[in-house]
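A structural walkthrough
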Amino acid sequence: MNYADMKPSEVRSLIREGKITGPTAGMCAGYAQANLVILPKDLAYDFLLFAQRNPRPCPILEVSDVGSRALQMMAKDADIAKDFPKYRIYEKGILKGEYTDVEQFWRDDLVSFLIGCSFSFEAELLEAGVPVRHIEEECNVPMYNTNIACTEAGIFHGNMVVSMRPVPYEQVVKSVQVTAAMPRVHGAPIHIGSPELIGIQNIQTPDYGDSVTIREGEVPVFWPCGVTPQNVIMNTKPDFVITHAPGHMFITDVKNIELKY
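Structure report, in brief. (Residues numbered from 1 in each chain as written. Predicted model: local features only at pLDDT ≥ 70, side-chain atom pairs only at ≥ 80, totals over all residues. Heavy atoms only, no water.)

**Some remarks on the side chain of Arg88**
Under the convention used in this document: Numbered from the N terminus, helices here are DSSP runs of H or I no shorter than four residues, and strands are runs of E no shorter than two. Only protein chains enter the accessibility calculation, which uses a 1.4 Å probe. A residue is then buried if its area is under 20% of the maximum for its type, exposed if over 50%, and partly exposed in between. Polar contacts, as counted here, are pairs of nitrogen or oxygen atoms within 3.5 Å of one another; within protein the pair requires one atom able to donate a hydrogen and one able to accept it, and residues that are adjacent in sequence qualify only if both atoms are side-chain atoms. The contact definition used throughout considers only heavy atoms, calling two residues in contact when any of these lie within 4.5 Å.
Tracing the chain through its elements places Arg88 in strand β3 (residues 87–91). Overall, the relative accessible area of 15% leaves Arg88 in the buried class. Reaching out from Arg88, the side chain makes a polar contact with the side chain of Tyr90 at a distance of 3.4 Å. Those residues in contact with Arg88 that lie beyond four places of it in its chain are Leu95, Gly97, Glu98, Tyr208, Gln230, Val241, Ile242, Thr243, His244, Ala245 and Pro246.

Right, here's the structure in full:
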């Protein structure tokens, strides 16, 4: 099935029915996708402050009302507990499980944060003629923990996670220009080339997602990634957090072009 040409509401319906449980890269071309962090209300201010201080990896698209599974701006008729293909539950920083539905875990004190996702700028890269390897190879984007420290806020501290796309050398500048125009979905790359300089020892073994082919004449280009909060959560060990599984995003009703400058 060609999910790229489907409407977001159609794909969300299939996700809610459990018919789509895999990564969402390439789905609903032209529409923004989002990462997820769900926290108890007593931690929500600290996390909001953390995101404000770290807008590159954590650009906030929307914050829910306390206890609400609905959204006001990014999608109509959404259910935050059911409309991601896969969720993760963390307790005291430990991953307790992955689920396709978190309704059973829902609490009245939970606050949801939708965070911009680099999948959103991939349609723009493709339109500009820049290849996106994980879409070509039908797998998840490779993501890596780094030595790039985030700015602390409240209990939250830790290092940035990045996503990587191999780009032909002659198209690196174009990839920077295209993505820099979309700061609400991570914007320009944080690093180009030399993975070891940002603490990545083996580019063929990502910490999240899948390895992709890097061809001769291509340069690894790294963007800030919305999986950063999961790395921070494992560092700070709050009692209870729900996130998306890396690469398994929420598809919004908002067009990517609306998130440009």
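**Some remarks on a nonpolar patch on the surface**
Spelled out, the test is: Patch rule: a residue counts if its relative accessible area is over 30% and it has no salt bridge; like charges are joined within 9 Å, and nonpolar side chains (Val, Leu, Ile, Met, Phe, Trp, Tyr) within 5 Å. Per-residue accessibility takes into account occlusion by the displayed protein chains alone, with areas from the Shrake-Rupley method and a 1.4 Å probe. The salt bridge criterion pairs a side-chain nitrogen of Lys or Arg with a carboxyl oxygen of Asp or Glu, the two atoms within 4 Å.
A cluster of nonpolar side chains, contributed by Tyr45, Leu48 and Val63, occupies part of the molecular surface with about 290 Å² of accessible area. Following the sequence through the fold, Val63 ends up in strand β2 (residues 60–63).

**With respect to the packing of aromatic side chains**
Spelled out, the test is: Side-chain rings of Phe, Tyr and Trp, where Trp is taken by its six-membered ring, are said to pair if the distance between their centres is within 6.5 Å; with planes under 30 degrees apart they count as stacked, over 60 as edge-to-face, and otherwise as tilted.
Overall, the coordinates contain nine aromatic pairs when judged by the stated rule. Ring centres 5.6 Å apart and planes at 80° place the aromatic pair Phe47 and Phe156 in the edge-to-face group. With Phe47 in helix α2 (residues 41–53) and Phe156 in the loop between β6 (143–149) and β7 (159–168), this residue pair connects regions lying 109 residues apart in the sequence. Taking the relative accessible area as the measure of exposure, Phe47 reaches 2% and is therefore buried. A ring pair is formed by Tyr144 and Phe222, whose centres lie 6.2 Å apart and whose planes are at 75°; its orientation type is edge-to-face. Separated by 78 residues along the polypeptide, Tyr144 in strand β6 and Phe222 in strand β9 (residues 218–224) bring together distant segments of the chain. A relative accessible area of 1% means that Tyr144 is categorised as buried. Here the aromatic cluster, defined as three or more aromatic residues joined through ring pairs, consists of Phe47, Phe50, Phe113 and Phe156.

**As for the nonpolar core**
Within soluble globular proteins, side chains that are nonpolar generally end up buried alongside one another. Condition: Nonpolar core, defined: a set of buried Ala, Val, Leu, Ile, Met, Phe, Trp, Tyr and Cys residues in which side-chain atoms within 4.5 Å join the residues together.
Grouped together as the largest cluster of nonpolar side chains are 35 residues, with contacts concentrated most on Leu36, Ile38, Leu71, Leu114, Ile242 and Phe250. Those elements that place two or more of their residues in this core are β1 (31–40), β3, β5 (110–116), α3 (119–127), α5 (172–180), β9 and β11 (250–255). It is β1 that provides the largest number of residues to this core, a total of four residues. Among all residues touching Leu71, those that are not within four sequence positions of it are Glu62, Ala78, Ile80, Leu114 and Phe250. The next biggest cluster of nonpolar side chains, apart from the first, holds 30 residues, and it includes Leu39, Cys58, Cys150 and Phe156.

**As for unusual backbone geometry**
Of note, the phi angle at Glu138 is positive, near 55°, even though the residue is not glycine. Topologically, Glu138 is positioned in the loop between α4 (133–136) and β6. Phi at Ser194 is positive, roughly 35°, even though this residue is not glycine. With respect to the secondary-structure elements, Ser194 resides in the loop between β8 (191–192) and β9.

**Here we look at helix α1 (residues 8–16)**
We apply this condition: It is the directions from the helix axis to the C-beta atoms that the arc portrays.
Turning to α1, its buried residues are Pro8, Val11, Arg12, Leu14 and Ile15. On an axial view of α1, the arc spanned by its buried residues comes to 160°, and they lie on one face. Those residues of α1 that are buried lie in contact with β1 and β11. Backbone geometry just after α1 places Gly18 at a positive phi near 80°.

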